[in-house]
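One-letter residues, chain by chain:
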Amino acid sequence: MNRAALGALLAHWRRQPLQLLTLVVGLALATGLWTGVQAINAQARLDYAEAAATLGQDDLPRIEGDLSLDDFATLRRAGWPVTPVIDGTPPGPRLRVLGIDPFTAPQNGATPDLTDTADLTAFLDGRLVFAAEGTEVPESLPEVRRIANLAPGLVVADILAAQAILGTGRIDHMLILPEARGDLPPLAELLPDAERVEALAGSEIGRLTDSFHLNLTAFGLLAFAVGLFIVHAAIGLAFEQRRPLFRTLRALGLPAARLTLLLAAELVAFTLLGGALGIVLGYGMAAFLLPGVAATLSGLYGASVEGGLTLAPAWWLSGFAMAGIGLAVAGSQSLWQLARLPVLAPAMPRAWARARLSTLRRQGAGGLVLLLAAALVAIFGTGLVAGFVCLGALLLGAALLLPPVLSAVLSFGARRAKGALAQWLWADTQQQLPGLSLALMALLLALAANIGVGTMVGSFRDTFTGWLDQRLAAELYVRTVDEAQATELRAFLEGRVDAILPIVGTETSFEGMPGDLYGQPDDPTFRRNWPLLDAGPEVWDRLAAGEGALVNEQLARRTGFWSGAEVDLGAGGRREVLGVYSDYGNPRGQAILTLDAFRVAVPDMPETRFALRVPPAEVPALADAIAARFDLPEDGLVDQAALKGFSLDVFERTFAVTAALNVLTLVVAGFALWASLTTLGTMRLPQVAPVWALGLTRRGLALADLARALILAAFTAVLAIPTGVALAWVLLAVVNVQAFGWRLPLLADPGGWAVLSLWAIVAAALAAALPVWRLWRMPPAQLVQVFVHER
Amino acid sequence: MLLRTRDVDKSYETAGGRQPVLSDVSFDLGAGETLALTGESGSGKSTLMHLLAGLDTPDRGTIEIEGTDIAAQDDAGRARLRRGTVGLIFQQFNLIPSLDVRDNLSFHARLAGRDPGDVAALAERLGLSDHLRRYPEQLSGGQQQRVAIGRTLLAAPRLVLADEPTGNLDEATGDAMIALMRESVTQMGAALLMVTHSTRLAAQLDRRLHLRAGRLAEDLPA
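Predicted model only: the values in this text are computed from it and were never measured. (Residues numbered from 1 in each chain as written. Chains lettered and ligands numbered in written order. Predicted model: local features only at pLDDT ≥ 70, side-chain atom pairs only at ≥ 80, totals over all residues. Heavy atoms only, no water.)

## Some remarks on the pattern of salt bridges
All names here are of chain B.
So, point 1. All chains considered together, the criterion is met by 30 salt bridges over all chains.
So, point 2. A salt bridge links D56 to K10; the shortest N-O distance between them is 3.5 Å. Here K10 lies in strand β1 (residues 3-14) and D56 lies in the loop between α1 (45-52) and β4 (60-65), a separation of 46 residues in the sequence. By the burial criterion, D56 is buried, and K10 matches it.
So, point 3. Across the pair R18 and E13 runs a salt bridge, and its minimum N-O distance is 3.0 Å.
So, point 4. Given the relative accessible area of 48%, R18 is considered partly exposed.
So, point 5. Here the salt bridges share partners, and the residues they tie into one network are K10, E13, R18, D56 and D59. (Salt bridge = Lys/Arg side-chain N within 4 Å of Asp/Glu carboxyl O. Helix = DSSP H or I, 4+ residues; strand = E, 2+ residues; numbered from the N terminus. Buried < 20%, exposed > 50% of the residue type's maximum accessible area, 1.4 Å probe, protein only.)

## What to know about the side chain of D523 of chain A
Residues and elements named next belong to chain A.
So, point 1. Note that D523 resides in the loop between β11 (513-520) and α15 (524-529).
So, point 2. One buried charged residue, D523, forms no salt bridge at all, with the nearest opposite charge on R613 at 5.3 Å.
So, point 3. Those residues in contact with D523 that sit more than four places away from it in its chain are A499 and L501. (Lys, Arg positive; Asp, Glu negative; His and termini not counted. Contact = heavy atoms within 4.5 Å.)

## Topic: the packing of helix α4 (residues 119-126) of chain B against helix α5 (residues 141-154) of chain B
Residue and element names in this part refer to chain B.
So, point 1. Here α4 crosses α5 at 140°, and the two axes come no closer than 10 Å. Regarding the angle of α4 to α5, the classification is oblique. The element α4 and its partner α5 pack so that their crossing is right-handed. Every residue of α5 that contacts α4 at V119, L122 and L126 is listed here: R146, G150 and L154.
So, point 2. Here the residues of the contact of α4 with α5 are counted per class, giving four nonpolar, one polar and one charged. (Axes fitted to C-alpha atoms, helices over the stretch in contact; angles between N-to-C directions. Parallel < 35°, antiparallel > 145°, perpendicular 65-115°, else oblique. Left-handed = near helix turned anticlockwise from the far one by under 90°. Nonpolar A, V, L, I, M, F, W, Y, C, P; charged D, E, K, R; others polar.)

## Considering the sheet that holds strand β2 (residues 17-29) of chain B
Residue and element names in this part refer to chain B.
So, point 1. If you trace the four strands from one edge of the open sheet to the other, you get β2-β1-β4-β5, paired in antiparallel fashion. Across the chains shown, the open sheet's two edge strands, defined by having one partner strand only, are β2 and β5 (68-69).
So, point 2. In terms of strand pairing, β1 meets β4 through five bridges, oriented antiparallel. By the bridge assignment, D9 is partnered in β4 with R60.
So, point 3. Sheet contacts for α1: β1, β2 and β4; angle to β2, the most-contacted strand, approximately 60°. (Pairing = 2+ DSSP bridges.)

## Quick look at the interface of chain B and chain A
So, point 1. On the chain A side, the residues contacting the 29 residues of chain B number 26 residues.
So, point 2. Interface area, chain B with chain A, both sides summed: about 2,700 Å², of which 57% is carbon and sulfur.
So, point 3. The tally of links from chain B across to chain A stands at one salt bridge.
So, point 4. The closest approach of N and O atoms between D75 of chain B and R698 of chain A, which form a salt bridge, is 3.0 Å. (Buried area = accessible area lost by both parts, 1.4 Å probe.)

## A short note on the pairing of strand β3 (residues 96-100) of chain A
Consecutive side chains of a regular strand alternate in pointing toward one face of the sheet and then the other.
Residues and elements named next belong to chain A.
So, point 1. The element β3 is largely enclosed, with a buried count of four among its five residues.
So, point 2. Pairing analysis gives four bridges linking strand β2 (residues 82-88) to β3, with the strands arranged antiparallel. Its bridge partner lying in β3, G88 is registered against V97.
So, point 3. Alignment of β3 against strand β6 (residues 154-158), held across five bridges, turns out to be parallel. Across the sheet, the residue bridging to V97 is V155, located in β6.

Structure (structure tokens):
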């Protein structure tokens, strides 16, 4: 019985290969985009974990403060089981140098093997460092030995060698090894200025990049949802077309439960097929996008991610799970209907392509409720999850509202149409709406995502460019190898430049969170150009007098301390916030003191970096003169244009992945539209043939079909614009603030929106091309068959 | 002569080879005349209807409507003919599901560029006055059939081709519809060709053609 029934059910797909293709490709696209994004996230997190595991530093408590190797010796003499660590970024290609003491460092899989005495000696001498395969290191470093298990972009060196590479005599912190004795002398007695910090939960980079990965996940979920629209449409159509078969099978004695079970088995088979294809697709997509993601993470957070992809079983199993969940979501409605199908149900396919006013009303009401919910969450919600809930409610609400709004517009068009053909075209378009609504909703989501993300990126780009112009006001930036060279340089520059502005900073903690403290001279350059978002009265005069500090937007938002508040600036002491400045692209908190105040707070900090004010025309000559006179580090001399170029390049790479996902989502939506139009093209022959019989040519009918697709795409694009702008607002004003700590103004881009709308219309024309061409070239005999079948 | 067919042959390719459906069909139909086309199932009635309506073309022979050879027309020419000269009443109505009854009634006339005239008056005669704002899916089979008849009559074609137009109607309503069609055809100076299995209905028309295995077996006055 099962075999015969299954054979009859599957015969449908043999007769409808296009529908089968639509279903499998839709499922594969949905699964592929989701699993691809998950693969990227999983690989990046794996690399962060490797980076954090080098010394297990995030799992151990640490001692922080203004520390040196003498402090390490003090603690060791007192019996403290500690190991010194220096962790920094040298100039040149993005590289992280980790200095360790090989005798006290905790041994784990990621620490170098120094059991060979010769290797140990070379390591202690500073002649040998370790790095992962593929990590680019400058030639100035000593011999590099490649080892597995090290995070990409990380160089491990002896603590003294690392101090030399980083140009400092300090250490960052000391890790306290596990199971220390309980009777140790108190830390406060041994090192009064140091403090014990308990183990961090998870890797620091992992936490910093969480928001980025959440963004990617949201995009993956959006693409998955768009793909599911295709799957839902294909399953629903197959169900309706097989309704007479179901009735016959039931009439011939197949129990409803068995029939439901067989169709569920069919869904499982599709899960395996679509899931497998999706996983292959996802792997390919992840491999293609991972280098871009790596560039993004490096540019945004300084996090290093390998270009290679690891194929973990959990990843491909989750791919199948998502395919299964997707099919279950898309097919549950049909299975539910089937389980309740009476034996004497009408054999004619239900008028699935017939608008049902009550359904449209319910859908519209649901859409409005979701939009209201999105507004409420945007106003009252807090946190990144609230931001994404707001996004989800906004997109789903807009998608649900699309069919009722389109129906109302088309109904209005039909009432106003002059002439029988125009009236038929409007009314018939309204009639086809339910059959096309899922594809149009997918198109709306894809367009809105494109407009929203495009507007956000555009706003970001414009604001960022303007901000760069303000922040990078100096014409030339110089970094010397040490203070002696710096003194020499200052003397050389006397009379050659308008101003020498030292740039000096140190890592510290603000209100317990990691941050950077900078000293800045009082100079008109800063007074004129520094981008202040919030400022108290006479901010620059008060800063120059050492009465407080400027903090960046990220720190202000995280701590809630704006102008007038007092904030704990770690090494900088407790100070009043005089003003808040924008600091795009920087995930960390930052504070600025006047140079004199900084020198008092952090006395031994070497001043080796300088911004030079010089007439722009004299920049090339001065740069040449400095380069000829001084043996500066590799990137020790950078002009403003190069620095801006580099920053903008980082910016563009940062959003390359987003752009790629945008395009892929649009492609999926285009496919959904094509599949729906092609299916409808076949299904609606009985509706088209009479109009042909009444005297309209096949060409006329084909052009009407094309016009219908264009009308629907155009209206969808028009509705996608406000949805996309709302999406951009949520991204800029809610998600970005929560994820990155800065808020950007929304800059409208009507030209870009118009171009995107045009692309939507082109996509609709392409999607409609095949069904339109088929109708145009359809032999009259095929149309006549509609009437022959009547008898 | 309004309709003139001569030596019409039509065959279709089937799995068992080429299957003749119509052979040597010749007959004329004058303005104001009504003709019943009868025959067994599979005798070729529908195929002949489709050829006369310009939905298909004969393999051989000529079909002329008001002197225009249908087979010599291109796609657009045949569409023009269907739009302006021929009116088709389908067995399964084939109304436009997206238009209400009023718009369905006037659709063919407006498509042909003609004033549909008094739609309400015709609807009254068809018993559809209360249903003008309803959609086809909301009507019974008999009501839909009456809309299909009304659509053709409002278009005022020269040749009305009706395929079992009363198959879904009760006897009394069917007789009323036949009377309406005959009256309209006479008023318009048009001709009516109606496919039917009912000898009773066939007897109400001027002539009767009987098809047997694709050949014209009888051409009799009713």
